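# Architecture at a glance
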Amino acid sequence: MQKIILFLVFLYSTIVLSQNDQLAQNYYDRGEFEKALLSYEELLKVQQGNSIYFQRIIDCHQQLLQFDKAEKAIQERLDKYRMASMYVELGYNFQLQKNQVKAELNYKEAIEKIKENTSNVYSVAGAFEKKVLLDYALQSYQLAISIDPRNKFNYQMALLYGQMGKPDLMIEKYLEEMYENPQNSVMVQNQLSRFMNEDADESFNAMLRKALLVQVQKNQDIFWNQMLSWFFVQQKEYGKAFIQEKAIYKREPESFSNIVNLAELAIEENENEVASEILTFILENTQDLDLQIYAHHYLISIRISKAKNTDYAAINAEFENLLKQYGVNPYTLSLQRLQAEFLAFKMKMPDTGKAILQKAMELPLNKFQVAEAKMELADILLYEEKFNQALLYYTQIEEDLKNDVLGHEASLKAAKTSYYKADFNWALTQLKVLKSASTQLIANDALELFLLINDNTVADSTQIALKKFAKADFLLYQNKNQEALVQFQQIVKEHKGDVIEDVTLLRIGKTYGQLADFTTALSFYQQIIDNFPESIYRDEALFFSAELYNKQLNQPEKAKTLYEAVLFNHQDSIYYVEARKKFRQLRGDSNL
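Residues numbered from 1 in each chain as written. Predicted model: local features only at pLDDT ≥ 70, side-chain atom pairs only at ≥ 80, totals over all residues. Heavy atoms only, no water.

Within the largest apolar cluster, 89 residues are counted, with the highest numbers of intra-cluster contacts made by Phe128, Leu208, Ile278 and Ile282. With eight residues, the single largest contributor to this core is helix H13 (residues 222-234). Beyond its immediate stretch of four places on either side in the chain, Ile278 contacts Phe242, Ile259, Leu262, Ala263 and Ala266. Among the nonpolar cores identified, the runner-up in size contains 82 residues, and Tyr420, Leu466, Tyr512 and Leu542 belong to it. (Core = buried A, V, L, I, M, F, W, Y, C linked by side-chain atoms within 4.5 Å. Buried < 20%, exposed > 50% of the residue type's maximum accessible area, 1.4 Å probe, protein only. Helix = DSSP H or I, 4+ residues; strand = E, 2+ residues; numbered from the N terminus. Contact = heavy atoms within 4.5 Å.)

Before going further, it helps to spend a moment on the confidence of the model for the chain. Averaged over every residue, the pLDDT of the chain is 91; residues scoring 70 or more account for 95%. pLDDT under 50 marks residues 5-14. Its contacts with residues more than four places away, or in other chains, come to zero contacts. (pLDDT = per-residue confidence, 0-100.)

Attention now moves to the packing of aromatic side chains. The final tally for this structure, using the stated rule, is 35 aromatic pairs. On the basis of an interplanar angle of 65 degrees and a centroid distance of 5.1 Å, the ring pair of Tyr294 and Tyr298 is categorised as edge-to-face. Taken together, the residues span about one helical turn, with Tyr294 and Tyr298 both in helix H17 (residues 289-306) at a distance of four residues. Residue Tyr294 is classed as buried on the basis of its relative accessible area, which comes to 17%. Overall, Tyr298 belongs to the partly exposed group, its relative accessible area being 28%. Each ring, one from Phe319 and one from Phe342, has its centre 5.9 Å from the other, and the planes form 40 degrees; the classification is tilted. On the criterion of sequence distance, the pair formed by Phe319 in helix H18 (residues 312-326) and Phe342 in helix H19 (residues 333-345) is long-range, its members being 23 residues apart. Overall, the relative accessible area of 1% leaves Phe319 in the buried class. Geometry around Tyr28 places Arg56 over its ring, the cationic atom sitting 4.3 Å from the centre. The residue whose ring lies beneath Arg77 is Phe54, and the NZ or CZ to ring-centre distance is 4.5 Å. (Phe/Tyr/Trp six-rings, centres within 6.5 Å; stacked < 30°, edge-to-face > 60°. Lys NZ or Arg CZ within 6 Å of the ring centre and 35° of its normal.)

With that settled, the discussion passes to the side chain of Ser140. Here Ser140 shows up in helix H8 (residues 134-147). With residues up to four places along the chain from it excluded, the contact list for Ser140 reads Ile111, Ile114, Val121, Val124, Ala125 and Phe128.

Below, the discussion takes up helix H10 (residues 167-180). Under the 1.5 Å per step criterion, the end-to-end length of H10 is 20 Å for 14 residues, consistent within 8% with the ideal 20 Å. Listing the buried residues of H10 in full gives Pro167, Met170, Ile171, Lys173, Tyr174, Leu175, Glu177 and Met178. Against the buried residues of H10 lie helix H9 (154-163), helix H11 (185-196), helix H12 (203-218) and H13. (Expected span 1.5 Å × (residues − 1).)

This is the structure:
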């Protein structure tokens, strides 16, 4: 019974202390320093060693210009606990009174205490940092190192140099920290990434690049090749990263996984030339069956993306040779799916594509592989305008993999199927859920389609224009680009001035771009830029125009102007980061 009573008393006192702590904090946050002071003094009586309560008391005295009381409290705590950091507090109290002489005397006294015991550096340097007395904090760390070189404060000193606006010294210390303590590499890389992504000082990237190149040249440790590869990946310069990864692989063949990861990044960023080079290297240097099939899958995907009708027979022959070489089995499912898609959408042979997938589903597949095969089959059924059959398969995948990315992808495709068949209400119902999907790409696509349907339904309850637009979009899905263009252009003609006009112009521009008619594509983007200043698609028109000038027409100055327009006028655009990178490259920043 006595134990229960003691427990209840302890619990009550803890609750009361917590409430008083919160009350004091509220007073402090609202600037009611007299009330906060009284509250913190009461709290400190209960927990005399609590440094947070003590610091709040000193802050309150100083805010109330009660410097004598603050000095007395600091001195009493110094006498009682002999804490070296209290000299920093004393010095700062004098500094607030414009008495720089006494302030510096106490700061020097605090630093002297490090000579007596180097462990004092933690509290002293920390106190200086809190007061933003960065030079003194730096001196504290440097003194501790000079006394005992085993003391390592690279990370802390790097942070200080960063705050002091000395990026070269910050980089030096961060690199030393990573080299000496590789387990801290991720933490340091996160800090470096923050500076690499800052708008203000692009020269930081050039400094970091130079520092890493110097280390690679003077030090044979592959750590520096790894760091340089990491740097190039952050800059999305995958070709240069690959050069470093090959150098690492020659000395450490077990590092092959990094090359595979680099290939995946290049594929995601549609850097097809670099991706092809990396994938070819993988094929030449691995005996791993899964990796070989992975490389072949993406190499042939890249080939398909650039192929003309006259190339199709040779590509299909390559599929046949690969499946003969590796066999029709669960390991080659990705090749079977890709061949089925190629036959249906490119060679206009959907029945042959479906037969491949139906045969694949007879193999001993796991549930994810079954879902992948069903998804491809549903895609082909949708291509054939068999909407209900496609929806059936998409729904099955949703049910089987509710919390998986494949399940979300199937949900999005089901919503698009409803959209294509002009069942807009049901599409909106599905898209509302998908807007908050954990996969950002799916969430973005869902939001874009939701806004398209919703905005045009509000503007036209009959949905006449939207139905035409959905039909044209479906023609694009079927790879019938010319027919889609006719439909889109009819919409522009018949619905000029309607809400749907700007997005229709965007679709036409993108379609001409895919057909390599870049001049016509630009003319449609320009109509959006000139005539729709408030359009939510204006940033896309600017960015896609810049991409065409930059990548296809070799007119970098025009591209730079358009990228810049995205930066200045569309900071919330999903293309903002990429536009900034391309703008800087064209400006010459990456060559500094």
